[in-house]
Amino acid sequence: MKILVCISVVPDTTTHIRFTDKMDALDTSGIQWIINPWDELALTRALEIREQPGSGVTQISVIHVGMKDTEPVIQKTLAVGADSACRINHAPADSLETASQIAEIVRKELFDLVMTGHDSADYNGSAVGEMLAELLGWASFSSISSLSVAGSVITLEREGDIRSETIIAKAPCVVTIQKGIAKDPRIPSLRGIMTARSKPLTVVEPVKCVPLTRFLRFENPAPRSQCRMVDASNVEELVNLLRNEANVL
Amino acid sequence: MDFQLSEEQKMIQQAARDYANRELIQDVLERDANSIYPAKHVKALADLGFMGMMVNPKYDGGGMDTISYVLAMEELSKVDASVAVIVSVNNSLVCYGLEEFGTEDQKEKYLRPLARGEIIGAFLLSEPEAGSDATSQHTLAEDLGDYYLLNGTKNWITNGNSASVYIVMAQTHPELKHKGINSLIVDRNSPGITLGPHEDKMGMRSSDTHSVMFTDVKVPKENRLGPDGFGFKMAMKTLEGGRLGIAAQALGIASGAYERALKYSKERKAFGTEIFNHQSVAFKLAEMYTRIETGRLLCFHAAWLKDKGLPYGTASAMAKYHCAETAMWVTTEAVQIHGGYGYVREYHVERLMREAKLTQIYEGTSEIQKLIISRDIFSK
Ligand SMILES: Cc1cc2nc3c(=O)[nH]c(=O)nc-3n(C[C@H](O)[C@H](O)[C@H](O)COP(=O)(O)OP(=O)(O)OC[C@H]3O[C@@H](n4cnc5c(N)ncnc54)[C@H](O)[C@@H]3O)c2cc1C
């Protein structure tokens, strides 16, 4: 089985997000870029599956649609154990563009299983996985919290609000993963870091595709209002504040 | 001149940081309180390749440069300097000496498993009556033809109990003074070796420190490192690199305390405002940051010299002196910024302060570093 993990490169989740002066783009100065945490977990699970005896996984590749400055982040996926990486040299404007570019590669390279994260921590679109499946005409399974592989049979679990589902899927398919799929992401070993350089990272030029989305303007969320502490014994004051100041009673 | 780290160096730094923040932090307080040796962390760090970072890959090491080693030591020490010293001793005192001065046979037999971190090593120079003055070795390595007969006591030995291999400095030709000292590779299982009790230390309580007694221990001749009488020189050469590891450790202790103090100063309020708005707190943080960055440059410079094959003894003495003093000052002030909270274990800074103290003492006290630096400037 050949597994492809889609990697998006996002600002470190502790970043203080700022926009450019015109408020029409993210201000990228000083941002530390990381592998999208969901995608990192997807990759972790793929690596775990490969390590199981008789898993039949012959290749784990990663794919990313982005410009050259994302390569250090892609290197990390190779350092933790992906066999090869592909970067499509394009800054995608929306999920459809990303999915279309990835679909083009998947069609050529005949992967059996494509894994994506539930969403990416930058625009939180939650769309690439399903769009990709649609473009490929493959089955897609969203919000998967457990994944195992036996031959070409893929067993998936999805946690719902009131029940959990077990799904038996057949390759090829697209799986969008969420919490629970793997424990902590892996820390690359020094040997992994040194050998990452010698693994293939191919750069592919994008195919033509017209995005369907355009960002007009970003806005900062309203600042959180101050928290006022009221003594536990002073219920009267609490009611008074809720009624007359917060106007919620 | 290039002040940028390479992508690989950044990845190594991040790997060490991730391990420290994810794993070491979990049980650091408990191990400190109860002096528990971090066996599982040593194994995990070995699997990640941190126990023989700079050893040539041909001997199963990581083949990293010294800058990467400084980065890793800093990150581990920010969270847990006890674990960092175990890493440091194995890398810069044990593996380095074997790789630099060992024969092929010695490297095959000892360096390989040490570099893989399957076993760890210890470096035995200090004695009850020979610390700063390491020339006055009382431990004897009597030359009896095929082997040396080792008798004496070593003190304060980091990894004393956990090590499988000892690098022991001992006197063979007392009449030649320090030129009569040899450096021997000693199997920990050799008959005649006994350990003193675990030292109950002020800080670095998770690293195991013991005195080690040798009574008629036979050491095969082929276990001598370098030519007859080379031991003292070998120890001093090795300590040049060791000091850089300790400088980076001190740097990490300082930056760990600084980061905690900075965060706390933005959270804690007094007199109606976050305490960093009080200038005496803000200036203290500015000074911490400046001293730490100075130390970082000194460490990088010494590491750079070493990687270039240039003399770096004085540079590493300056790095160690400056970083150790900085660590002591920064951690003391970090406790101060935390107020009463700084004085309890939960907030970590009191532990960092206890750990900082040792960096002014081992692998050459601050006074000895100044001795090295002053001798160098007066010889020019
Ligand atoms: C926890 C711990 C771990 C250690 N690990 C190891 C290890 O793994 N292997 C090892 O070999 N050793 C180890 N040491 C020993 C350490 O390196 C020595 O303690 C250190 O070198 C100081 O020696 P001393 O304790 O004998 O102090 P002394 O040499 O007695 O020094 C006492 C004081 O006198 C000062 N002084 C001495 N000579 C001079 C001078 N010429 N000019 C100015 N001031 C001077 C010193 O700076 C110090 O302040 C360790 C020590 C500790 C505490």
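Counting restarts for each chain: residues are numbered from 1 in the order of the written sequence. The lettering of chains begins at A and the numbering of ligands begins at 1, in the order of writing. Residue-level local features of this predicted model are given only where pLDDT is at least 70; pairs of side-chain atoms are given and counted only at 80 or more, and the full residue set underlies all totals for whole chains, interfaces and linings. Based on all heavy atoms of the structure, the side-chain values leave hydrogens and waters out of the count.

## Some words on the overall build of chain A
Let me state the cut-off plainly: Every helix listed is a DSSP run of H or I at least four residues long, and every strand listed is a run of E at least two residues long, numbered separately from the N terminus. Here's how the labels work: a residue is buried when its accessible area is under 20% of the maximum for its type, exposed when over 50%, partly exposed in between, all with a 1.4 Å probe on protein chains only. Contacts are assigned to residue pairs that have any heavy atoms within 4.5 Å of one another. Throughout, the Shrake-Rupley method with a 1.4 Å probe supplies accessible areas, and for residues the shown protein chains are the sole cover considered. Charged residues are defined here as Lys and Arg on the positive side and Asp and Glu on the negative side; His and the ends of the chain fall outside this count. A charge is said to be at NZ when it belongs to Lys, at CZ for Arg, at CG for Asp and at CD for Glu.
In terms of regular secondary structure, chain A is built from six helices and twelve strands. Principal axes of the C-alpha set define a box for chain A whose edges measure 70 × 45 × 40 Å. Going through the 249 residues of chain A one by one, you find that 42% of them count as buried. For chain A, long-range pairs separated by at least 24 residues make up 70% of all intrachain contacts whose partners lie at least 6 apart in sequence. With an accessible surface of roughly 13900 Å², chain A has 52% of that area assigned to carbon and sulfur atoms. Once the 25 positive and 31 negative side-chain charges of chain A are each reduced to a mean point, those two points are 5 Å apart.

## Description of the overall build of chain B
Formally: In this setup the radius of gyration rests on C-alpha atoms only. A globule is expected at 2.2 Å times the number of residues raised to 0.38.
Within chain B one finds ten helices and nine strands. For 380 residues, the compact-globule estimate of 2.2 N^0.38 gives 21 Å, and the C-alpha radius of gyration of chain B, at 21 Å, lies within 12% of that figure. The dimensions of chain B, computed from C-alpha atoms along their principal axes, are 80 × 45 × 40 Å. Looking at chain B as a whole, 57% of its 380 residues qualify as buried. Taking the contacts inside chain B whose residues are at least 6 apart along the sequence as the reference set, 74% of them involve residues at least 24 apart. Roughly 16000 Å² of accessible area belongs to chain B as shown, and the carbon and sulfur atoms make up 55% of that amount. Distance between charge centroids for chain B: 3 Å, based on 42 positive and 49 negative side chains.

## A closer look at the sheet that holds strand β12 (residues 201-204) of chain A
The strands that make up a sheet pair up through hydrogen bonds in the backbone, lying either parallel or antiparallel. Residue and element names in this part refer to chain A. Spelled out, the test is: Following DSSP output, two strands are said to pair if at least two bridges run between them. Every axis in this analysis is a line fitted to C-alpha atoms, fitted for helices over the stretch in contact. Angles between the N-to-C directions lie between 0 and 180 degrees.
With parallel pairing, seven strands are arranged side by side in an open sheet as β7-β11-β6-β1-β4-β5-β12. Single-partner strands in this sheet number two, and they are β7 (139-144) and β12. Here the strands of the sheet are splayed against their neighbours by 20 degrees on average, with no regard to which way each runs. Note that β7 and strand β11 (residues 173-177) share four bridges and pair parallel.

## Focus on the pattern of salt bridges
Pairing between side chains of opposite charge can happen when their charged atoms approach one another. Residues and elements named next belong to chain A. Inclusion rule: The term salt bridge refers to a pairing of a side-chain nitrogen on Lys or Arg with a carboxyl oxygen on Asp or Glu at a separation within 4 Å.
Taken as a whole and assessed by the stated rule, the structure comprises 36 salt bridges over all chains. A salt bridge links arginine 107 to glutamate 104, with the shortest nitrogen-to-oxygen separation between them at 3.3 Å. Within this pair, arginine 107 and its partner glutamate 104 are both found in helix α3 (residues 95-109), separated by three residues, close to a single helical turn. Looking at glutamate 104, the relative accessible area reads 27%, which means it is partly exposed.

## Details of the site of the ligand
All names here are of chain B. For clarity, the threshold we go by: In these notes, residues near a molecule or strand are those with any non-hydrogen atom within 4 Å of it. Throughout this description, a polar contact denotes any pair of N or O atoms lying within 3.5 Å of each other; where both atoms belong to protein, one of them has to be capable of donating a hydrogen while the other can accept it, and for residues adjacent in sequence the pair is counted only when both atoms sit in side chains.
By nearness alone, 16 residues border the ligand, and Ser126, Ser132, Trp156, Thr158 and Thr365 come closest of all. With respect to the ligand, the backbone of phenylalanine 123 contributes an N or O atom lying 2.8 Å from a nitrogen atom. If the ligand stood free it would expose 970 Å²; the protein chains cover 64% of that surface. The element that contributes the greatest number of residues to the shell around the ligand is strand β3 (residues 147-158), accounting for three residues.

## Considering the packing of helix α8 (residues 313-338) of chain B against helix α9 (residues 349-359) of chain B
Helix-helix packing is described using two parameters, namely the angle between the two axes and the distance between the axes. Residue and element names in this part refer to chain B. Our working rule: Angular relationships are summarised with four words: roughly parallel below 35 degrees, roughly antiparallel beyond 145, roughly perpendicular across 65 to 115, and oblique for the angles in between. It is the rotation of the near helix from the far one that decides the hand of a crossing: anticlockwise by less than a right angle makes it left-handed, clockwise makes it right-handed. In the scheme used here, Gly and all other residues not listed as nonpolar or charged are polar, with Ala, Val, Leu, Ile, Met, Phe, Trp, Tyr, Cys and Pro taken as nonpolar and Asp, Glu, Lys and Arg as charged.
For the pair α8 and α9, interaxial distance at closest approach is 8 Å and the crossing angle is 160 degrees. Between α8 and α9, the interaxial angle falls into the category roughly antiparallel. In this structure, α8 meets α9 at a crossing whose hand is left-handed. Touching Lys320, Ala324, Ala327, Met328, Thr331, Thr332, Ala334, Val335 and His338 of α8 are Val349, Glu350, Leu352, Met353, Ala356, Lys357 and Thr359, all from α9. For the contact of α8 with α9, the residue count by class is nine nonpolar, four polar and three charged.

## What about the packing of aromatic side chains?
Our working definition: What counts as a ring pair is set by centres within 6.5 Å for rings of Phe, Tyr and Trp (its six-membered ring), and what kind of pair is set by the plane angle: stacked under 30 degrees, edge-to-face over 60, tilted for all other angles. Two limits define a charge over a ring: the Lys NZ or Arg CZ must be within 6 Å of the ring centre, and within 35 degrees of the ring normal.
Within this structure, the stated rule accounts for nine aromatic pairs over all chains. Their ring planes at 10 degrees and their centres at 4.8 Å tell us that phenylalanine 19 of chain A and phenylalanine 218 of chain A sit as a pair that is stacked. Here phenylalanine 218 of chain A lies in the loop between β12 and α6 (235-245) and phenylalanine 19 of chain A lies in the loop between β2 (9-11) and β3 (33-35), a separation of 199 residues in the sequence. Seen from their ring centres, phenylalanine 215 of chain A and phenylalanine 218 of chain A are 5.2 Å apart, and the 20 degrees between their planes marks the pair as stacked. In this structure phenylalanine 215 of chain A comes out as partly exposed when scored by relative accessible area, which is 39%. A residue is classified by how much of its surface remains accessible, and phenylalanine 218 of chain A, at 13% relative accessible area, is buried. Put simply, the rings of Phe19, Phe215 and Phe218 of chain A pair up and form one aromatic cluster. Positioned over the ring face of phenylalanine 111 of chain A is lysine 2 of chain A, at 5.1 Å from the centre of the ring. The lysine or arginine in question, arginine 291 of chain B, covers the ring of tryptophan 329 of chain B, its NZ or CZ lying 3.7 Å from the ring centre.

## Here we look at the sheet that holds strand β8 (residues 146-150) of chain A
Residue and element names in this part refer to chain A. The strand order across the open sheet formed by three strands is β8-β9-β10, and the pairing between neighbours is antiparallel. Taken across any chain shown, the strands that pair with only one partner, and hence form the sheet edges, are β8 and β10 (164-170). Between one strand axis and the next, the sheet turns by 15 degrees as a mean value, whatever way the strands run. Both β8 and strand β9 (residues 153-159) contribute to a ladder of five bridges, which runs antiparallel. Its bridge partner lying in β9, serine 148 is registered against threonine 155.

## With respect to a nonpolar patch on the surface
Convention followed: Here, patches come from residues exposed beyond 30% relative accessible area and free of salt bridges, joined within 9 Å for like charges and within 5 Å for nonpolar side chains (Val, Leu, Ile, Met, Phe, Trp, Tyr).
On the surface, a nonpolar cluster with roughly 360 Å² of combined accessible area is contributed by Leu238, Leu242, Val248 and Leu249 of chain A. Within the secondary structure, leucine 242 of chain A is located in helix α6.

## Remarks on the nonpolar core
Threshold: We define the nonpolar core as a collection of buried residues of types Ala, Val, Leu, Ile, Met, Phe, Trp, Tyr and Cys that are connected through side-chain atoms lying within 4.5 Å of one another.
One finds Val5 and Leu147 of chain A together with Phe50 of chain B to be the most contacted residues of the largest nonpolar core, which totals 136 residues. Of the residues forming this core, the biggest block, 16 residues, is contributed by helix α6 (residues 231-267) of chain B. With residues up to four places along the chain from it excluded, the contact list for leucine 147 of chain A reads Arg45, Ile49, Leu113, Met115, Ile154, Thr155, Leu156, Val175 and Ile181 of chain A. Counting 18 residues, the second largest nonpolar core, distinct from the first, contains Cys6, Ile102, Val106 and Ala133 of chain A.

## Observations concerning the confidence of the model for chain B
To be explicit about the condition: What pLDDT reports is the predictor's confidence in each residue, on a scale of 0 through 100.
Averaged over chain B, the pLDDT score is 97; the fraction of residues at 70 or greater is 100%. This complex was scored by the predictor with a pTM of 0.92 and an ipTM of 0.89.

## What about the domain arrangement of chain B?
All names here are of chain B. Threshold: Segmentation of the chain into domains, including their bounds, is taken from an automatic or database domain assignment. Here's the idea: put two parts together, see how much 1.4 Å probe accessible area each one loses, and the total over both is what we call buried area.
Each assigned domain of chain B is listed here: domain 1 (7-120), domain 2 (122-227) and domain 3 (233-379). Inter-centroid distance (C-alpha atoms) of domain 1 to domain 2 is 22 Å. For the domain 1 and domain 2 pair, buried surface summed over both sides reaches about 1900 Å², with 60% attributable to carbon and sulfur atoms. Linking domain 1 with domain 2 are zero salt bridges. If you list the elements that add at least two residues to the side of domain 1 that touches domain 2, you get α1 (7-34), α4 (81-101) and α5 (104-116). When residues in the side of domain 1 that touches domain 2 are grouped by element, the largest group, ten residues, is from α4.

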